[in-house]
Amino acid sequence: MKTRGINSKTGFLRLVFIVLILLSATTQLSATTYDWIGGTSTVASNANNWYNETTQLTNSGVPGLLDAAYIGVNPTYVVWTIYLVLGTNTNINLTAAKMPVVTANTTWGSLTFGYYGPQGTYTYGVNEALSLSVNTGVTLTVSGNVTQNHNPSATGSTFNYIATTISGAGTLLCQGNFLVGDATTQPAHSVASATQVSIQITQLTITGNLVLNSNGNTTGNDICYPWFSVEKGTTTLLKQITFAKNNSPLANAFDSYNPPLSTYPGYGKFTADNTASSPSTLELKYKQPLVPADQFYVYFTYGGNNGTVLYDDPTVENQTIYTANEPSVTTTTTYINTTAPPYYNVTFSGSSTKLVDKNSTLGSTTQGLTVGNNFTTSGGAVNLNTNNPTVTVSNSWTNSCNVTQGSGNITITNALQNSAGTFQLGTGSLTTATLQNSGGTVAGGAGPGIVTVSGTFQNNGGIFQCNAENDYFNGLYQNTSTFTAGTGTVYFNGSAAQTLSDLSVSGTQFNNVSFSGTSLANPKTMSGSGGFAVSPTGVLSMVGATTKLVAGTATVASLTLKSDTTGTATVANIPAGSVITGFVTVQRFVQGSATFSAVTHRWVARNYRLMSSQVNEGADASTN
């Protein structure tokens, strides 16, 4: 048989192979779509595991710089019978054991996940689970977009859930946008389907935006619901989290169609810190990380209770920090940070000033910047005085930058640790169990706010500068550097015994200081080489009948009542029952003159004073 000059099947095959070679060469210079079929292994660099849609062959290359990689997008591929030049459709039967693993550094032009993959049942229907893993030390770079397509399902179908997981100890670098839900797929009539992307990879970096598409159709009673979930590793967003409604989706439809579910509110949701067993970090590097949209929910902690939100815009500009129950676009409802607490761990770094938003009047009673565990601040300044939010930290706040408080109160359950910068207090109060200042300055406010340290106060290496605020120290007081008194009063009013130690060069000098206790058996005891003093214009007060101040020992003075041209320190009337013991140095300044009159042969100013004891301890035993 002759076919166009080809006299045999061998000649025909030769022609077909030449054509295929030409096609293959052409695809090296243009974009090609590759479907993952998991032919012989899970290795993404093995051509046997891909189907080339241009050559329409398996084992015909792997995705490259310009190419599109499809995982679960198509249910079938064509197998060609070369002798007959005929193609037959073959199912792509992906199983959990056939999901791709990237084992070497590679770059793809784009990456799209579909909804054809391993299926299983769950309480509310049938779900599909696709996955991609990147090995340790390996980077998969996607030069374009990463997209998870929506599932349109079908009327009456129970297939209503997509769950795609990106995992491994490597890195996925998305240089375009990351889309949860394509913008064009419409759900079938009376269908509510959910599309979840779970991030469990060591590092995911998105150079563009993270886009959540919520889709409906013309009937208006359907939804394709997007959900992006940070569950493990670090997810870094260089731009914004954005939201889009397409074709009028029905809000809350997934919950409504699957009672008693109530965890798929609105049009879609973003969650971080979603897995209790795995720590995660959400890194936000843009000045306004969110573009809020009504009925799209954002949760920076979602039950994991070990995640961190890292705000680290590197540009010298203001970066918005979101507080609890942020107002929506319409300002009548809140869709951001509605959990309590809204954050677990929070870290500020980078050169930008962190502009913390105001307290909300919406949602639950939890308001302001509320951190369920640790708060760490460094880099650019922290601005709390523009919007005056409250700050509540359930564990400790570690600071090494400039912080400016406004009128909002700061409450820290454990410790405020300041190692650098100036922590400037405002008109709000500061309450903490421990205050440790090892560097930088903690500067008091103008009142009426107060500083309360219920446990340990340590000023070791920094400056503690009081102002008009009152300071309450209820536990250990320790100073080895610089303590500067203000116009307010320093109170030592712990119910237990208190130790006051000063080992600094200049000592601790109070302007107004007050001591109160509940038992003479629990005294306030002063010690240390630096010593304590009351300024010439200051007043020392003993409160109640059960307060005891031990000022050093019988031979070592630890308290000095100062005197100079401005006045002499005063001890207010001591109530019956309260006592001051130890060794107290009492000064009395006497103004003299260095001018001698040659005419009168005497000093111009008076040189003699009548003097008496400044301290009265009862009966005067003798007089000299």
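Residues numbered from 1 in each chain as written. Predicted model: local features only at pLDDT ≥ 70, side-chain atom pairs only at ≥ 80, totals over all residues. Heavy atoms only, no water.

Peer 1: How should I be thinking about the overall build of the chain in this particular structure?
Peer 2: A tally of regular secondary structure across the chain gives two helices and 58 strands. Against the globule reference of 25 Å for 624 residues, the chain gives a C-alpha radius of gyration of 36 Å, more extended than a compact globule. Dimensions of the chain, computed from C-alpha atoms along their principal axes, come out at roughly 150 × 50 × 45 Å. Put simply, the chain has 624 residues, and 49% of those count as buried. Of all intrachain contacts in the chain linking residues separated by at least 6 positions in sequence, the fraction that spans at least 24 positions is 64%. For the chain, the exposed surface amounts to about 26700 Å²; the carbon and sulfur share of it is 53%. Seen as two clouds, the 20 positive and the 22 negative side-chain charges of the chain have centres 6 Å apart. (Helix = DSSP H or I, 4+ residues; strand = E, 2+ residues; numbered from the N terminus. Rg over C-alpha atoms; globule rule 2.2 N^0.38 Å. Buried < 20%, exposed > 50% of the residue type's maximum accessible area, 1.4 Å probe, protein only. Contact = heavy atoms within 4.5 Å. Areas by Shrake-Rupley, 256 points an atom, 1.4 Å probe, with all protein chains shown as cover. Lys, Arg positive; Asp, Glu negative; His and termini not counted. Charge placed at Lys NZ, Arg CZ, Asp CG, Glu CD.)

Peer 1: Honestly, the nonpolar core in this entry has me stumped. Any pointers?
Peer 2: Taken as a class, soluble globular proteins show a tendency for nonpolar side chains to be buried jointly. Ranked by size, the top nonpolar core spans 113 residues in total, and within it Phe 178, Leu 210, Phe 228, Phe 270, Phe 300, Tyr 311 and Trp 397 carry the most contacts. Counting residues per element, this core draws most heavily on strand 16 (residues 192-206), at seven residues. Residues in contact with Phe 300, not counting those within four places in the same chain, are Phe 270, Ala 272, Asp 273, Leu 282, Leu 284, Leu 290, Val 309, Tyr 311, Tyr 322, Asn 337, Pro 342 and Tyr 343. (Core = buried A, V, L, I, M, F, W, Y, C linked by side-chain atoms within 4.5 Å.)

Peer 1: What is the right way to read the environment of Leu 384 from this model?
Peer 2: Within the secondary structure layout, Leu 384 lies in strand 32 (residues 382-384). Distance in space between the C-alpha atoms of Leu 384 and Gln 405 is 4.8 Å, their sequence separation being 21 residues. When sequence neighbours within four positions are dropped, the list of residues in contact with Leu 384 reads Val 356, Pro 389, Val 391, Trp 397, Val 403, Thr 404, Gln 405, Gly 406 and Ile 410.

Peer 1: Got a minute to help me understand the packing of aromatic side chains in this structure?
Peer 2: In this structure the tally under the stated criterion is 41 aromatic pairs. Pairing Tyr 311 with Tyr 343 gives two aromatic rings, centres 6.4 Å apart and planes at 70 degrees, and the pair type is edge-to-face. Of this pair, Tyr 311 sits in strand 24 (residues 308-311) while Tyr 343 is found in the loop between strand 27 (334-336) and strand 28 (345-348), placing the two residues 32 residues apart along the sequence. In this structure Tyr 311 comes out as buried when scored by relative accessible area, which is 0%. Residues Phe 483 and Phe 510 carry aromatic rings whose centres are separated by 6.0 Å and whose planes lie at 75 degrees to one another, so their mutual orientation is edge-to-face. Of this pair, Phe 483 sits in strand 44 (residues 482-484) while Phe 510 sits in strand 47 (residues 508-516); the two residues are 27 residues apart in sequence, bridging distant segments of the chain. Of the residues examined, Phe 483 reaches a relative accessible area of 6% and is grouped as buried. Accessibility expressed as a relative area gives 1% for Phe 510, which makes it buried. Ring pairs connect the aromatic residues Tyr 122, Tyr 124, Tyr 161, Tyr 225, Trp 227, Phe 254, Tyr 264, Tyr 297, Tyr 299, Tyr 302 and Tyr 335, which therefore count as one cluster. Over the ring of Tyr 264 we find Lys 269, and its NZ or CZ is 4.6 Å from the ring centre. (Phe/Tyr/Trp six-rings, centres within 6.5 Å; stacked < 30°, edge-to-face > 60°. Lys NZ or Arg CZ within 6 Å of the ring centre and 35° of its normal.)

Peer 1: Is there a simple way to explain the environment of Asn 209 in this structure?
Peer 2: Mapped onto the secondary structure, Asn 209 falls in the loop between strand 16 and strand 17 (210-215). Under the relative-accessibility criterion, Asn 209 is labelled partly exposed at 23%. Asn 209 sits 79 residues away from Leu 130 along the chain, and the two C-alpha atoms are 23 Å apart. With residues up to four places along the chain from it excluded, the contact list for Asn 209 reads Gly 176, Asn 177, Phe 178, Lys 239, Gln 240 and Thr 242. Separated by 3.0 Å, the side chain of Asn 209 and the backbone nitrogen of Gln 240 make a polar contact. (Polar contact = N/O pair within 3.5 Å; in protein donor to acceptor, adjacent residues only side chain to side chain.)

Peer 1: Explanation requested: the sheet that holds strand 37 (residues 422-424) in the structure shown.
Peer 2: Pairing between sheet strands relies on hydrogen bonds along the backbone, with the strands arranged either parallel or antiparallel. Read from one edge of the open sheet, eight strands run 25-29-32-35-37-39-41-44, paired in parallel fashion. The open sheet has two edge strands with one neighbour each: strand 25 (318-321) and strand 44. Neighbour-to-neighbour, the strand axes of the sheet open up by a mean angle of 15 degrees, direction not taken into account. Alignment of strand 32 against strand 35 (residues 403-405), held across three bridges, turns out to be parallel. Counted as the bridge partner of Asn 383 is Thr 404 from strand 35. (Pairing = 2+ DSSP bridges. Axes fitted to C-alpha atoms, helices over the stretch in contact; angles between N-to-C directions.)

Peer 1: Would you explain the side chain of Asp 67 in this entry?
Peer 2: Note on placement: Asp 67 falls in the loop between strand 3 (57-58) and strand 4 (68-71). Despite its burial, Asp 67 remains without a salt bridge, the nearest opposite charge being carried by Lys 98 at 23 Å. A distance of 2.8 Å separates the side chain of Asp 67 from the backbone nitrogen of Gly 64, its partner in a polar contact. (Salt bridge = Lys/Arg side-chain N within 4 Å of Asp/Glu carboxyl O.)

Peer 1: Any chance you could explain the pairing of strand 29 (residues 353-356) here in plain terms?
Peer 2: Consecutive side chains of a regular strand alternate in pointing toward one face of the sheet and then the other. Alignment of strand 25 against strand 29, held across four bridges, turns out to be parallel. The partner of Gln 319 across the bridge, within strand 29, is Lys 354. Bridging between strand 29 and strand 32 involves two bridges; their strand directions are parallel. Pairing of Leu 355 across the sheet is with Asn 383, part of strand 32.

Peer 1: Is there a simple way to explain the pairing of strand 9 (residues 110-113) in this structure?
Peer 2: Direction of pairing for strand 4 relative to strand 9: parallel, over a ladder of four bridges. Considered in strand 9, the bridge of Ile 71 is made with Phe 113. Summarising the sheet, strand 9 and strand 13 (residues 146-148) pair through three bridges and their orientation is parallel. Within strand 13, the residue paired with Thr 112 across the bridge is Thr 147.

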